[in-house]
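Analysis of the macromolecular model
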Amino acid sequence: MENPPAYPHVPLAFERLPEAEMTRRALDFFQWMNKRRSVRFFSDASVPRVCIEQAIQTAGTAPSGAHRQPWKFVAISNASLKHQLRMAVEAEERRSYESRMPQEWLKALAPIGTNWEKPFLEQAPWLVVCFEEIHGVTPDGGKQKNYYVQESCGIACGLFIAAIHNMGLATLTHTPSPMGFLSTLLRRPANERPFMLFPVGYPSLDVNVPDFTRKPLSELSIWYE
Ligand code: IYR
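Residues numbered from 1 in each chain as written. Predicted model: local features only at pLDDT ≥ 70, side-chain atom pairs only at ≥ 80, totals over all residues. Heavy atoms only, no water.

1. Considering helix α3 (residues 79–100)
Compared with the 32 Å implied by 1.5 Å per residue over 22 residues, the 29 Å span of α3 between its first and last C-alpha is a close match. Buried residues of α3: L81, K82, L85, R86, V89, E90, E92, E93, S96 and Y97, and no others. Where α3 is buried, its residues touch β1 (71–76), α4 (103–109), α5 (120–123), β2 (126–133) and α7 (181–185). (Helix = DSSP H or I, 4+ residues; strand = E, 2+ residues; numbered from the N terminus. Expected span 1.5 Å × (residues − 1). Buried < 20%, exposed > 50% of the residue type's maximum accessible area, 1.4 Å probe, protein only. Contact = heavy atoms within 4.5 Å.)

2. Quick notes on the side chain of R86
As for its placement among the helices and strands, R86 is situated in helix α3. What makes R86 buried here is its relative accessible area of 18%. Reaching out from R86, the side chain makes a polar contact with the side chain of E122 at a distance of 3.0 Å. Among all residues touching R86, those that are not within four sequence positions of it are K118, P119, L121 and E122. (Polar contact = N/O pair within 3.5 Å; in protein donor to acceptor, adjacent residues only side chain to side chain.)

3. Remarks on the pairing of strand β6 (residues 192–201)
Counting buried residues in β6 gives nine out of ten residues, a clear majority hidden from the surface. Across eight bridges, β2 lies against β6 in antiparallel orientation. Note that in β6 the partner of C130 across the bridge is M196. (Pairing = 2+ DSSP bridges.)

4. Some details on the environment of E98
Following the sequence through the fold, E98 ends up in helix α3. By relative accessible area, which is 54% here, E98 ends up exposed. Residues E98 and M22 lie 76 residues apart in sequence; the distance between their C-alpha atoms is 50 Å.

5. Some words on the site of the ligand
Around the ligand lies a shell formed by E93, Y97, W105, L109, K118, H174 and T175. Between the ligand and Y97 there is a distance of 2.5 Å, counted from an oxygen atom to a side-chain nitrogen or oxygen. Within the backbone of T175, an N or O atom sits 3.2 Å from a nitrogen atom of the ligand. Computed on the free molecule, the ligand has an accessible area of 380 Å², of which 70% lies beneath the protein chains in the complex. Taken together, the elements giving at least two residues each to the shell around the ligand come down to α3 and α4. Partitioned by chemical class, the residues of the shell around the ligand number three nonpolar, two polar and two charged. (Near = heavy atom within 4 Å. Areas by Shrake-Rupley, 256 points an atom, 1.4 Å probe, with all protein chains shown as cover. Nonpolar A, V, L, I, M, F, W, Y, C, P; charged D, E, K, R; others polar.)

6. Concerning the environment of F131
With respect to the helices and strands, the residue F131 is situated in strand β2. On a C-alpha basis, the gap between F131 and R94 in space is 23 Å, while along the polypeptide they are 37 residues apart.

7. Brief notes about the nonpolar core
Counting residues in each nonpolar core, the largest one holds 23 residues, and the members touching the most others are W71, F73, V128, C130, F160, F198 and V200. Sorting the residues of this core by element identifies α2 (49–59), β1, β2, α6 (149–166) and β6 as the ones contributing at least two each. For this core, the element with the most residues is α6, which contributes eight residues. Setting aside residues up to four positions removed in sequence, F160 forms contacts with A55, I56, A59, V128, F198 and V200. Formed by 20 residues, the second largest nonpolar core is a distinct cluster that contains V89, L172, F181 and L197. (Core = buried A, V, L, I, M, F, W, Y, C linked by side-chain atoms within 4.5 Å.)

8. Section: the environment of G168
Structurally, G168 is set in the loop between α6 and β5 (170–171). With 88 residues separating them along the chain, G168 and S80 place their C-alpha atoms 27 Å apart.

9. Details of the sheet that holds β5
Sheets are built from strands that pair by backbone hydrogen bonding, the pairs being arranged parallel or antiparallel. If you trace the four strands from one edge of the open sheet to the other, you get β1-β2-β6-β5, paired in antiparallel fashion. Each edge of the open sheet is held by one strand with a lone partner, namely β1 and β5.

10. As for the packing of aromatic side chains
Counting across every chain of the model gives two aromatic pairs. Measuring from centroid to centroid gives 6.1 Å for F73 and F160, while their planes differ by 20 degrees, and the two rings are stacked. Of the two residues, F73 sits in strand β1 while F160 sits in helix α6, which places them 87 residues apart along the sequence. When sorted by exposure, F73 lands in the same class as F160, which is buried. Geometrically, the ring pair formed by F160 and F198 is tilted, given 4.8 Å between the ring centres and 45 degrees between the ring planes. Taken together, the positions of F160 in helix α6 and F198 in strand β6 put the pair 38 residues apart, joining distant regions of the chain. Judged by its relative accessible area of 0%, F160 is buried. Each member of the aromatic cluster is reached from another via a ring pair, and the members are F73, F160 and F198. (Phe/Tyr/Trp six-rings, centres within 6.5 Å; stacked < 30°, edge-to-face > 60°.)

The structure is reproduced here in structure tokens:
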């Protein structure tokens, strides 16, 4: 097989920041991100489509194995499709919570208070589903291998979450299990697999969240200097 042509290499557009500003931004960004919380109850207030478009574009800036960009984001605001998705998700989740998930898993989730009911799938004005491209498709219909697909999609989803938080909206990482039905409902091809589902919108006004703390730096890092 012939090698594909190399990308032309161009100078990096890089702006070096003064150290004081760098340090200020480092702290500001952490403090802002530390306000992010997963939200399970949403207002039905509408969110402009352009905000979802920009969050998806931000997700698409993620690095990926061999720059294959092995992701596809499906954005849904259609009420009847959201209803169908909710019904399908809840059918699976109900079976999971009632018979498929082992006691140990249920015990781990109990403090968070989740259950099989997922009203957010209809409340939130947008649902965004990230699909991972398990392989690419060549122009002649052949398979093209992708690399580090889960890592790449995980990073893209992280950037999506940060973008949503940055614009003052809320989301949740939802992974209904199993989620193969999303491919059928959303008519995705066989080379794509559902990876993660995000309801996006404003939190409902009376929403409560678990009173978590996050690991302090001393617990989440080790340093060799
Ligand atoms: N998919 C289920 C269960 C679930 C699992 C974990 I791990 C969570 O952190 C939260 C939920 C659900 O969405 O309820």
